[in-house]
Amino acid sequence: MGERKKHMPVLLSEAVDALGVFPGGRYVDGTLGRAGHAREIVGRGGRVLGIDRDEQAVAEVGAMNIDGLEIARGNHGDVEQIARSRGWNEVDGVLLDLGVSSPQLDEAGRGFSFLRDGPLDMRMDRSGRVSAADIVNGMSAEELARIFRELGEEPQSRRIACAIVEARETGRRFSTTVELAEFIGKIVGRHGGRNPATRVFQALRMEVNDELGELRRALAGGLSILREGGRFAVITFESLTDREVKRFFAAHAGREISLQQGGSEWRGETPRVRLLSRKAVTASKKEIFENPRSRSAKLRVAEKE
């Protein structure tokens, strides 16, 4: 299988600094991965409940025997239920590092990347029933176009979807990553540096893993277990998920509305939060050079009031 590349956690110092970690504090890492952020939190004296749906990640981190880290297998959308079931009813910080981990991308058998030929899978939890191949080979042109448009923001979503269905009608089945990527490339051509299959692969991955649904549940659940003054840090890698986080935090930050009769009142979603920065934190030039996957990362942080 070849040597696996070392996993490099994105925005490591920025995210952990933003959480305001202190000795004895309790923190939930809802997307544990290979525990890059969790180890830094533990190193600063915090205790961590790490959650991940990937059985391989849970097994690998479990074998590290990290003092101060408690591991639970599950979806970050269930962060509230998982935390409360383990007695973590009120915590000092919650971290979500969304997207695909380096080991998932680098292992061809997981089917996340068109840079390595592998089965068209993309399941973060391999016990899940639906793979990317099931979607590509089973959904109608209308359904595929919607997924490519809404989750991948693909401008040629309908053209690609119709071409896939037309190919299926001749008996073709798509089973590998490179096969699908090359097919899309022939349909739309290459313009600029981005691979023409990039948006479609993003859309399929997000659909297979219900990433938007899980994110919405994780944001609500994570905020509910934060103590007053606790901080919520979220790292995103797509404009779609970044907008979701930005809207959620903005809604709970609310705003003062001037009243016609004079004075003002606060309007927004509860519980209230304070935005630590109106602008997302991005990776430094040094980090991007050392880890190109950090280029699209954005960190947003809010503090519960």
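Keep in mind that this is a model prediction, so the values were computed, not measured.

Quick notes on the rules
Residues numbered from 1 in each chain as written. Predicted model: local features only at pLDDT ≥ 70, side-chain atom pairs only at ≥ 80, totals over all residues. Heavy atoms only, no water. Helix = DSSP H or I, 4+ residues; strand = E, 2+ residues; numbered from the N terminus. Rg over C-alpha atoms; globule rule 2.2 N^0.38 Å. Contact = heavy atoms within 4.5 Å. Areas by Shrake-Rupley, 256 points an atom, 1.4 Å probe, with all protein chains shown as cover. Lys, Arg positive; Asp, Glu negative; His and termini not counted. Charge placed at Lys NZ, Arg CZ, Asp CG, Glu CD. pLDDT = per-residue confidence, 0-100. Core = buried A, V, L, I, M, F, W, Y, C linked by side-chain atoms within 4.5 Å. Buried < 20%, exposed > 50% of the residue type's maximum accessible area, 1.4 Å probe, protein only. Phe/Tyr/Trp six-rings, centres within 6.5 Å; stacked < 30°, edge-to-face > 60°. Lys NZ or Arg CZ within 6 Å of the ring centre and 35° of its normal. Polar contact = N/O pair within 3.5 Å; in protein donor to acceptor, adjacent residues only side chain to side chain. Axes fitted to C-alpha atoms, helices over the stretch in contact; angles between N-to-C directions. Parallel < 35°, antiparallel > 145°, perpendicular 65-115°, else oblique. Left-handed = near helix turned anticlockwise from the far one by under 90°. Nonpolar A, V, L, I, M, F, W, Y, C, P; charged D, E, K, R; others polar.

Caption draft 1: Up close: the overall build of the protein. Scanning the protein from N- to C-terminus turns up 13 helices and 10 strands. Against the globule reference of 19 Å for 305 residues, the protein gives a C-alpha radius of gyration of 21 Å, in line with a compact fold. In terms of principal-axis extent, the alpha carbons of the protein reach across some 65 × 60 × 40 Å. Counting contacts in the protein only where the partners sit at least 6 residues apart, residues at least 24 apart contribute 64% of the total. Here the protein has roughly 14,500 Å² of accessible surface; of this, 48% comes from carbon and sulfur atoms. Mean positive and mean negative side-chain charge positions of the protein (49 and 46 charges, respectively) differ by 3 Å.

Caption draft 2: How the structure looks around the confidence of the model for the protein. In the predicted model, the protein carries a mean pLDDT of 92, and the fraction of residues at 70 or more is 93%. Scored below 50 in pLDDT, residues 1-5 shows eight contacts in the model against residues more than four places distant or in partner chains.

Caption draft 3: Inspection of the nonpolar core at higher detail. Counting 35 residues, the largest nonpolar core has Leu-120, Phe-148, Ile-164, Leu-180 and Leu-204 as the members making the most contacts within it. Of all the secondary structure elements, the ones that give two or more residues to this core are α6 (132-138), α7 (141-152), α8 (157-169), α9 (177-188) and α10 (198-208). Excluding residues within four positions of it along the chain, Leu-180 makes contact with Leu-120, Val-136, Ile-164, Phe-174, Phe-201 and Leu-204. Within the second largest apolar cluster, 26 residues are counted, among which are Val-28, Ile-82, Leu-226 and Val-273.

Caption draft 4: Quick look at the packing of aromatic side chains. Per the counting criterion, the structure on display carries four aromatic pairs. Measuring from ring centre to ring centre gives 5.0 Å for Phe-174 and Phe-183, while their planes differ by 65 degrees; the resulting arrangement is edge-to-face. Of the two residues examined, Phe-174 and Phe-183, each falls in the buried class. Members of the aromatic cluster, each reached through a chain of ring pairs, are Phe-232, Phe-248 and Phe-249. Geometry around Trp-88 places Arg-26 over its ring, the cationic atom sitting 4.3 Å from the centre.

Caption draft 5: Inspection of α10 at higher detail. For α10, a buried count of eight out of 11 residues is recorded, marking the element as mostly surrounded by other parts of the structure. Among the residues of α10, Val-200, Phe-201, Gln-202, Ala-203, Leu-204, Arg-205, Met-206 and Val-208 are the ones counted as buried. Elements in contact with the buried residues of α10: α6, α7, α8, α9, α11 (211-225) and α12 (239-253). Just downstream of α10 lies Asp-210, where phi reads positive at about 45 degrees.

Caption draft 6: Molecular detail of the side chain of Arg-123. Tracing the chain through its elements places Arg-123 in the loop between α5 (102-106) and α6. On the basis of relative accessibility, which here comes to 18%, the residue Arg-123 falls in the buried class. Side chain to side chain, Arg-123 and Asp-121 meet in a polar contact 2.7 Å long.

Caption draft 7: Region of the structure containing the packing of helix α1 (residues 12-19) against helix α2 (residues 36-43). Direction vectors running N to C along α1 and α2 enclose 50 degrees, while the axes themselves pass 10 Å from each other. With respect to α2, the axis of α1 lies oblique. Note that α1 runs across α2; the crossing there is right-handed. The segment α1 lies against α2, with Leu-12, Ala-15, Val-16 and Leu-19 engaging Gly-36, His-37, Glu-40 and Ile-41. Of the residues contributing to the contact of α1 with α2, the split by class is five nonpolar, two polar and one charged.

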